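Tertiary structure, described
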Amino acid sequence: MKAIRRFTVRPVLPDALRPLSDLARNLRWSWHAETRDLFQSVDPEHWAASGGDPVRLLGSVRPARLAELAEDRRFLRRLTAVADDLHDYVTGDRWYQTHTGELPAAVAYFSPEFGITAALPQYSGGLGILAGDHLKAASDLGVPLIGVGLLYRHGYFRQSLSRDGWQQEHYPVLDPHELPVALLREADGTPAQVSLALPGGKQLHARIWLAQVGRVPLLMLDSDVEDNDLGERQVTDRLYGGGSEHRLLQEMLLGIGGVRAVRTYCRLTGHAGPEVFHTNEGHAGFLGLERIAELCDQGLDFDAGLEAVRAGTVFTTHTPVPAGIDRFDRELVARHFGPDAELPRMDVGRILALGMETYPGGEPNLFNMAVMGLRLAQRANGVSLLHGQVSREMFSGLWPGFDPEEVPITSVTNGVHAPTWVAPEVFRLGARQIGAQRTEDALTVGGSDRWDAVGDIPDQDVWELRRSLREQLVVEVRERLRASWRQRGAGTAELGWIDGVLDPDVLTIGFARRVPSYKRLTLMLRDRDRLMDLLLHPERPIQIVVAGKAHPADDGGKRLVQELVRFADDPRVRHRIVFLPDYGMAMAQKLYPGCDIWLNNPLRPLEACGTSGMKAALNGCLNLSVLDGWWDEWFQPDFGWSIPTADGVGTDADRRDDIEADALYELLEQRVTPRFYEHGQGGLPDRWIEMVRQTLTLLGPKVLAGRMVREYVERLYAPAAQAHRTMAPDVARELAEWKSRVRAEWHGVTVDHVETTAATTTAELGTTLGLRVHVGLGALGPDDVEIQAVSGRVDEEDRIADAATVPLKSVGGPDAEGRWVYEGPLSLDRTGPFGYTVRILPSHRLLASGAELGLVAVPSEDVVEGAGVLLR
């Protein structure tokens, strides 16, 4: 019989145990070992059954056990100590509070997904896990962040396999009352709500759930409320589900509704209002429109509002391919804005202009969320050094006339939240070496370039730790594999072989991630006989643990999963290679520490960052990866291997996969396995242990989310807050009017004549030439522009590389023809082919970059011919 109504019955905790409720509701327990240990001691059996979720645990513990604990003085002392520690953590000064310099009073951080803990399944992959780690690191550092996302009633999806290895999706309903979240309520106790106007006079209402992530509040909007019609209730049904209109409504709710939720939260709690808004990918880009509308309501016009909003906005792009960006039909977007829908006082044409692909190669009828994100943010970044370069090239059409390296998109390489991903055994080894507090500080705040104390840990201890973690992984894999086969329909009698799956003394390789085609899940299967030889080698075998989800609509990805599963089902190798379904945070936290090698073989340069290898590295696992994302930036032979790539223009996809798979097999055969199994005089693999040590010493401090968030604070948040404070209404109007005037008059800006003191086309290193330039400024004045000499080495096509720019100075007023003369030195500071040019850029004290307007004037061909432009 089915129940006609469902309730969540909460336990009544004895007064002495009330702090347990506060501890369960603050998600710091997800990365704080002492808190988890305390909950485990409440009832170890129920703790295991709850999947390590304190809220579910407290809902299942017998009242008699609670009464017993309320009288247990030892337990109460532990409870008091942990509760006091949390209080100190959320109220005491941390790195941010002791940082000198003008920092933002608060930062609002918007993301479509957040991976905080398996107990709050609101993530699909790397973007969400990164967002969760960003919040946790901000909390550890004391950064006054407010997270903003959506609460999806089905999360992403749960994955299982059919008997023949085909991915199957399940969407269990999540009851918010059973999650570690609470409704944000008005002063009178009613749930706080935000609303959006929809076409046809309808409304989309959403409640605000609050998850407390250490010191950081995470606001999550939920449209499943009785005030909505059925269609509107389902807006927050699934992460990345539904068609175009469904996704558009999700992104409007996240961006516009999210700003309204932040305003509501600050009103109700007294939290400082954000001075900086950070958009994690383009999904939340509509937040800029809502903020412009707020300023228009205060008397600014659209252009001035745009400048004020841009000043305090940071945009992070995570995709290296245009196909990874949300794009909507312009008519669909137009229908949801304007007089009969949302933001009624805002001109729909101005809204559309922010997202249209008005550049060569763009689709004129598509509204691009990343393009809008970039136009609404004065500061933008990619998520690794290489991804920054790729992003500058991908979006260079927005800044015509500028070389990609000058496109104003910087990079902050992602990091991972070490306390979440480092195995307790690794933490304990560090604590034994330098003390628990110093180890915690090293993993959270970071700041050092090296962890030299790792060098003092004896080889024996390092090797015993690695074997212990591998052994734990073997146990975990067997349990999960048995559960997976039962789901696939196997009976207990068929599964005896699982007791022999994996070996704690065999080199273990991990590969786990989402399964889009570019990540090449099945590259390892390119030569199956060669892979079998590696798996079954009599002296140097390998074993591989694979996991990953394909998007529900991606049948190509599902075929890749099935191909791998069928290979792993082969009785000849199934004890050496396994596929584990339903990859998520709980599995990952066991997988990273237990592997010796973390494999990553994407098509370069399509991996924006790829943080899974960072999590593995923090546990002493070595990386074997294509030079892409973060590995391209930090790889050294001391702590891993790079897979050579065949990414030349003339190589077709099949041929490329063959070449790179061959390189992978060769590395495993010739270099990786011999090093693991080659033991020195002491009976230990000395050279392997040294690589583990180098990984921890040199990579450890770099890959921390604490390092990443500190970079965001110092390089992006602080300048954005300063720009926001400068952008008072009058200043915003002045800047908007200046930009409008410059755009209108730029056609009159010309480089008319260039001359140098060079007598020949060769010159000696160290020579300084004099440069004289005649320019026309039309209706603009010298204060509106900067004239620059740009010089550097040149290639065969006379393109300047590694350019150096020097501003030239005005010499007197305009001549009779209205031309201005500028002069300056040109230093010949490099040998070989050398060239220079001259350009004119808009200049204003409030521009973050000379490229900001996308306007530049350079010499015409006839000017160039007489200028001695090239020195060879």
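Structure's up top.
Notes on the structure follow. (Residues numbered from 1 in each chain as written. Predicted model: local features only at pLDDT ≥ 70, side-chain atom pairs only at ≥ 80, totals over all residues. Heavy atoms only, no water.)

1. Things to note about the pattern of salt bridges
Definition in use: Here, a salt bridge means any Lys or Arg side-chain nitrogen found within 4 Å of an Asp or Glu carboxyl oxygen. Only DSSP runs of H or I covering at least 4 residues are called helices, and only runs of E covering at least 2 are called strands; the numbering of each starts at the N terminus.
Counting across every chain of the model gives 66 salt bridges. Here Asp662 ties to Arg530 by a salt bridge, and the two come within 2.5 Å at their closest N and O atoms. Within this pair, whereas Asp662 is found in helix α25 (residues 653–677), its partner Arg530 is found in helix α20 (residues 528–535), the two being separated by 132 residues in sequence. The residue Arg733 makes a salt bridge to Asp730 at a minimum N-O spacing of 2.9 Å. Taken together, the residues Arg733 and Asp730, both in helix α28 (residues 729–745) and three residues apart, mark about one turn of the helix.

2. Looking at the environment of Arg466
Put simply, the test is: The contact rule is simple, with two residues in contact once any of their heavy atoms fall within 4.5 Å. Pairing of N or O atoms within 3.5 Å defines a polar contact, subject to two protein rules: one partner must be a possible hydrogen donor and the other a possible acceptor, and residues neighboring in sequence count only if both atoms are side-chain atoms.
Secondary-structure assignment places Arg466 in helix α19 (residues 459–487). Contacts of Arg466, omitting those with residues within four sequence positions, involve Pro593, Gly594, Cys595, Asp596, Asn619, Gly620 and Val692. A polar contact is formed between the side chain of Arg466 and the backbone oxygen of Asn619, at a distance of 2.8 Å.

3. Examining the packing of aromatic side chains
Note the cut-off: Between the rings of Phe, Tyr and Trp (Trp by its six-membered ring), a pair exists once the centres lie within 6.5 Å; its type follows the angle of the planes, with under 30 degrees stacked, over 60 edge-to-face, and the other angles tilted. Relative accessibility thresholds used throughout: buried, under 20% of the residue-type maximum; exposed, over 50%; partly exposed, between the two (1.4 Å probe, protein chains only). Both a distance and an angle decide whether a charge sits over a ring: NZ of Lys or CZ of Arg must be within 6 Å of the ring centre and within 35 degrees of the ring normal.
A complete count under the given rule lists 20 aromatic pairs for this structure. Here Trp630 and Trp631 contribute two aromatic rings whose centre-to-centre distance is 5.3 Å and whose plane-to-plane angle is 70°, an arrangement assigned as edge-to-face. A single burial state applies to Trp630 and to Trp631, both of which are buried. Between the NZ or CZ atom of Arg488 and the centre of the ring of Trp485, over which it lies, the distance is 4.1 Å.

4. Some details on the pairing of strand β10 (residues 313–316)
Walk down a regular strand and you will see the side chains alternate between the two sheet faces. Convention followed: Each pair of strands is called paired provided DSSP finds at least two bridges between the two strands.
In β10, alternate side chains face the same way, and those of Thr313 and Phe315 on one face and Val314 and Thr316 on the other are all buried. As paired strands, strand β9 (residues 276–280) and β10 are joined by four bridges and run parallel to one another. Within β10, the position partnered with Phe277 by the bridge is Thr313. Sheet topology places β10 next to strand β13 (residues 379–382); three bridges connect them, and they run parallel. Within the sheet, the bridge partner assigned to Thr316 lies in β13 and is Asn381.

5. Regarding the nonpolar core
Quick reminder of the rule: Residues belong to one nonpolar core when they are buried, are Ala, Val, Leu, Ile, Met, Phe, Trp, Tyr or Cys, and are joined through side-chain atoms within 4.5 Å.
If you look at the biggest cluster of nonpolar residues, it comprises 104 residues, and the most contacted ones within it are Met524, Ile544, Ile577, Ile597, Leu624, Trp641 and Trp688. No other element matches α19, which puts nine residues into this core. With sequence-adjacent residues up to four places away left out, Ile597 is seen in contact with Leu507, Thr508, Ile509, Gly510, Cys621, Leu622, Leu624, Trp641, Val672 and Trp688. Counting 99 residues, the second largest nonpolar core, distinct from the first, contains Leu248, Ala261, Val262 and Ala293.

6. A few points about helix α21 (residues 555–568)
Convention followed: To estimate how far a helix should reach, multiply one less than its number of residues by 1.5 Å.
If you check α21, its first and last C-alpha atoms are 20 Å apart, about what 14 residues at 1.5 Å a residue would give, namely 20 Å. The complete set of buried residues in α21 reads Gly557, Lys558, Leu560, Val561, Gln562, Leu564, Val565, Phe567 and Ala568. Packing partners of the buried residues in α21 comprise β3 (158–161), β4 (167–170), α20, β16 (542–547) and β17 (577–580). The opening residue of α21 is Asp554, an N-cap whose side-chain oxygen sits 3.2 Å from the backbone nitrogen of Gly556.

7. With respect to a negative patch on the surface
Here is the rule we go by: A patch consists of residues whose relative accessible area exceeds 30% and which take part in no salt bridge; residues with like charges are grouped when within 9 Å of each other, and nonpolar side chains (Val, Leu, Ile, Met, Phe, Trp, Tyr) when within 5 Å. To measure how exposed things are, a 1.4 Å probe is used in the Shrake-Rupley method; for residues, cover is taken only from the protein chains shown. The positive count covers Lys and Arg only, the negative count covers Asp and Glu only, and His and the chain ends enter neither. Where a charge lies is defined by one atom per residue type: Lys uses NZ, Arg uses CZ, Asp uses CG and Glu uses CD.
Taken together, the side chains of Glu393, Asp403, Glu405 and Asp802 define an acidic patch exposed on the protein surface. Assignment of secondary structure puts Glu405 in the loop between α15 (385–394) and β14 (410–411).

8. Thoughts on the sheet that holds strand β22 (residues 768–776)
Spatially, four strands are ordered β21-β22-β26-β25 in an open sheet, and the strand pairing comes out antiparallel. At either margin of the open sheet sits one strand with a lone partner, and together these are β21 (750–756) and β25 (809–810). Direction of pairing for β22 relative to strand β26 (residues 819–827): antiparallel, over a ladder of nine bridges. Within β26, the position partnered with Leu771 by the bridge is Gly824.

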